[in-house]
Structure formats: C-alpha cells, structure tokens
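Secondary and tertiary structure notes
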Amino acid sequence: MNAKDLFSAIPHALDEVDIPILGPKTQGKVRDMYHFRGQRVLITTDRVSAFDRVLGTIPYKGQVLNQLSAWWFEHTADIVPHHMIALLDPCVIVAHEAQALPVEVIVRGYITGVTSTSLWTLYQQGERAPYGITLTEGLKKNDPLPHPVITPTTKAQHGAHDEQLSAQQVVERGLISAELWAQIEVTALRLFQRGQALAERVGWILVDTKYEFGLVDGQLTLIDELHTPDSSRFWTLDSYRAGTPVSYSKEFLREWFVKQDYRGEGAIPRMPAEFVQEVAARYIYAYEALTRQPFIPGEQPARARVERALTAWAARQLSA
C-alpha cells in the first residue's frame with residue numbers, strides 16, 4: 001500500500017482514551033500522557049498545532065511522529081540517552097519519568113522561517129544579534145549559516161509564543177546551571193550533526209530542529225520527539241539547489257496559514273480536504289524517505305487498538 005492509497009480510508013484523530021487503571025491523564029496540544037508506576041505513557045494523536053494553537057487534524061500524523069522518533073532514538077543513542085522504553089503501538093510510547101528542563105533548544109543551520117520568532121523574520125526587522133548570536137550583513141532568506149547556531153527558548157505557555165533567550169540569560173536566570181548548559185550545547189550540536197548526516201544520505205537537508213531535554217536520575221536525557229516533521233524542518237536538496245525549497249515539515253502547513261493572513265489570532269481558517277491530504281502525504285513521505293522503510297499504518301479503529309495495547313501493558317506491569 002502506498003501513501004496515496006491510504007487516503008481511501010482516512011482515520012479520525014485519536015479520541016481521548018480513558019484507561020482508569022493507568023490513573024490521571026494530562027492532555028497536551030498533540031499528545032496525551034499518563035503517569036503509571038514511575039513511567040510515562042505518551043499517546044500521540046493526529047491533532048496538529050502551530051502558532052501555539054491546535055489547528056485541526058492530519059491523518060496518520062501521530063503514527064508518523066511516534067515511529068519516526070523511535071527510529072531516530074535508535075540512531076542517536078550513542079550520543080545521549082533517550083526516554084523511550086518501548087513502542088507499544090504506532091501511537092503509544094512508554095517512556096521513563098523525566099524531570100523536564102524549562103528550556104527548549106533550537107539548533108539552526110539556515111536563516112529561514114515565517115513565524116514571529118524565526119531568525120529570518122527577526123533579521124528582516126533589523127535584528128543582527130537575536131538570541132545573543134551574531135548574524136552577518138547581506139543574508140538572504142534560506143541562506144545557510146556559517147555554522148549551526150543554538151537559540152534557547154522557554155516553552156510556550158497559554159498561547160504565548162516562545163520567549164527569545166540567549167545562553168547567558170538561561171544561566172543568569174537560574175533556569176539551567178552553566179555546567180549543564182555547556183553539556184546541553186555539546187549534545188545538541190552532536191545530535192544535529194548526526195541528523196544532518198542521516199538526512200544528507202537520502203538527499204535531504206536538516207534545516208533546523210528543536211530538542212527537549214530532561215533529567216532521569218540526574219542524567220541528561222533526550223525527551224519528547226526527535227527529528228520529526230513537527231520538531232524539525234526538512235528540505236529536499238534538489239529543490240533547495242533549484243532555489244525553491246520543498247518542505248517536508250510542519251512549516252508547509254504554517255506557510256499555508258500565513259498566506260491566509262492567519263498567525264495565531266482570530267478564527268482559524270478551515271483547511272481544505274485536498275490540503276490536509278497533501279500535508280499528510282508529506283508527513284508519510286518524510287518517514288519513508290528518512291528511514292528507507294514503507295509506512296505501515298496501524299489497523300483501525302485507532303482508539304480500540306490503543307486501548308487494547310495499554311490495557312495489556314498495564315496488566316503485565318501490575319503482575320510483575
């Protein structure tokens with residue numbers, strides 16, 4: 001079954017799954033989370049967010065994010081430990097209970113973007129030292145930077161866009177110690193270099209990405225997701241060389257909303273069915289291109305499938 005064939009039976013976004021045996025659940029923008037016996041159960045849905053709001057659903061998105069993250073975790077485990085314990089289902093990851101750090105790490109290799117916090121937007125507005133980094137004169141949109149740069153930010157809360165921070169401010173505010181931040185910078189750059197290399201081998205460019213870290217028993221650990229179309233921006237090398245980068249990431253969706261004059265305020269424009277299918281196809285193609293594996297969706301209905309997986313796993317944990 002190829003990506004186009006999948007759309008003959010598009011699934012609905014995963015409904016809320018309530019498994020009383022697992023205890024309290026936290027709902028985020030794109031995933032739900034349980035805490036159970038010192039472990040964290042992450043259920044990735046098809047909800048899609050941008051501009052700090054949930055904009056709708058994209059078929060198969062949750063399955064792509066989980067399975068692609070699991071693939072990347074395996075290919076970067078020699079750099080830093082990750083939080084994943086097991087992939088129970090295409091939509092369900094069991095992870096270590098981690099103490100999330102209050103700062104997200106953005107690594108950027110190109111000057112691009114359409115949001116208010118992107119390097120390109122800030123550069124157009126005349127800023128030459130956003131996030132405490134120095135940008136040279138004469139840069140054009142989508143130009144490569146001389147070397148990857150790290151731009152930390154606090155996590156967006158309650159509809160507020162990510163805060164612009166420098167590494168110095170992260171330490172001065174006491175968000176992260178100087179020693180831990182130095183470790184994070186080295187780790188993030190190594191992850192980015194590995195991501196660039198694996199993308200390059202299939203003719204893609206890893207443009208920029210977001211990493212989230214936490215502590216597990218005091219050890220720096222990679223958490224959340226890794227190098228997915230939601231957390232990273234990918235271009236095909238051929239399209240970039242031709243001067244019109246083709247994006248296989250959430251940026252494709254963001255750009256559509258910007259063309260509708262929407263940037264996070266007011267009524268959310270309704271996405272046409274054809275556009276939704278195009279976004280879904282790009283997510284699926286990102287998985288297939290990067291992993292060199294066919295995308296095999298979990299059987300439907302998703303809710304019943306996830307409930308079975310969670311119930312069986314919880315029963316095993318309780319009997320152990």
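Conventions and cut-offs
Numbers given for residues are sequential positions, taken from 1 along each chain in its written order. Thresholds applied to this predicted model are a pLDDT of at least 70 for local features of residues and 80 or more for the giving and counting of side-chain atom pairs; totals over whole chains, interfaces and linings are not thresholded and use all residues. Water and hydrogen atoms play no part in the side-chain values, which are based on all heavy atoms of the structure. The rule for pairing is simple: two strands pair if DSSP sees at least two bridges between them. Numbering goes from the N terminus for both helices and strands, where a helix is a DSSP run of H or I of at least four residues and a strand is a run of E of at least two. Angles shown run from 0 to 180 degrees and are taken between the N-to-C directions of axes, each axis being a line fitted to C-alpha atoms and, for helices, limited to the stretch in contact. In what follows, a contact means two residues having at least one pair of non-hydrogen atoms within 4.5 Å. Here a cavity denotes a set of grid points, spaced 1 Å apart and computed over the protein atoms alone, in which a 1.4 Å probe fits but from which it cannot get out, and a pocket denotes an open set meeting protein on both sides within 12 Å along at least five of seven lines; residues with an atom within 4 Å of a point are reported as lining. Grid points are joined across faces, edges and corners, and a volume is the space filled by probe spheres set on the points. Each residue gets one label: Ala, Val, Leu, Ile, Met, Phe, Trp, Tyr, Cys and Pro are nonpolar, Asp, Glu, Lys and Arg are charged, and the others, such as Gly, are polar. For this analysis, a nonpolar core means a set of buried residues of the types Ala, Val, Leu, Ile, Met, Phe, Trp, Tyr and Cys, connected via side-chain atoms within 4.5 Å. Burial classes: relative accessible area under 20% of the type maximum marks a residue as buried, over 50% as exposed, and values in between as partly exposed (1.4 Å probe, protein chains only).

Another point: the sheet that holds strand β2 (residues 31–36). Read across the open sheet, the 5 strands follow the order β1-β2-β3-β7-β6; overall the sheet is antiparallel. Two strands close off the open sheet at either side, each with one partner strand: β1 (25–27) and β6 (84–89). Within this sheet the neighbouring strands show an average axis-to-axis angle of 20 degrees, counted without direction. Where strand β3 (residues 39–44) meets strand β7 (residues 92–96), 5 bridges bridge the pair, whose relative direction is antiparallel. Among the inter-strand pairings, Val-41 is bridged to a residue of β7, identified as Val-94. Of the strands in this sheet, β3, β6 and β7 are in contact with helix α2 (residues 61–76), which crosses β6 at around 145 degrees. Most of the contacts of helix α9 (residues 302–319) go to β6, to which it runs at about 135 degrees, and overall it touches β2, β3, β6 and β7.

Looking now at the layout of surface pockets. Here the second largest pocket defines a volume of roughly 210 Å³. For the second largest pocket, the lining is made up of 16 residues, of which Pro-245, Ser-247, Glu-251, Phe-252 and Glu-255 are closest to its centre. Contributing elements (two or more residues each) for the lining of the second largest pocket: β12 (232–236), α7 (250–259) and α8 (273–291). Across the lining of the second largest pocket, the residue classes break down as 6 nonpolar, 4 polar and 6 charged.

We now examine the nonpolar core. Residues Val-105, Ile-184, Tyr-211, Phe-213, Leu-253 and Met-271 are the most contacted members of the largest nonpolar core, which totals 62 residues. The element that contributes the greatest number of residues to this core is α8, accounting for 10 residues. Beyond its immediate sequence surroundings of up to four residues, Leu-253 is in contact with Val-48, Ala-50, Leu-55, Ile-58, Met-271, Phe-275 and Val-279. Residues Leu-22, Tyr-34, Phe-36 and Ala-314 belong to the second largest nonpolar core, which totals 16 residues.

The subject of this paragraph is empty space enclosed by the protein. Under the defined criterion, the tally for this structure stands at 2 cavities of 30 Å³ or more. Within the residue set of the lining of the largest cavity, elements represented by two or more residues are β3 and α2.

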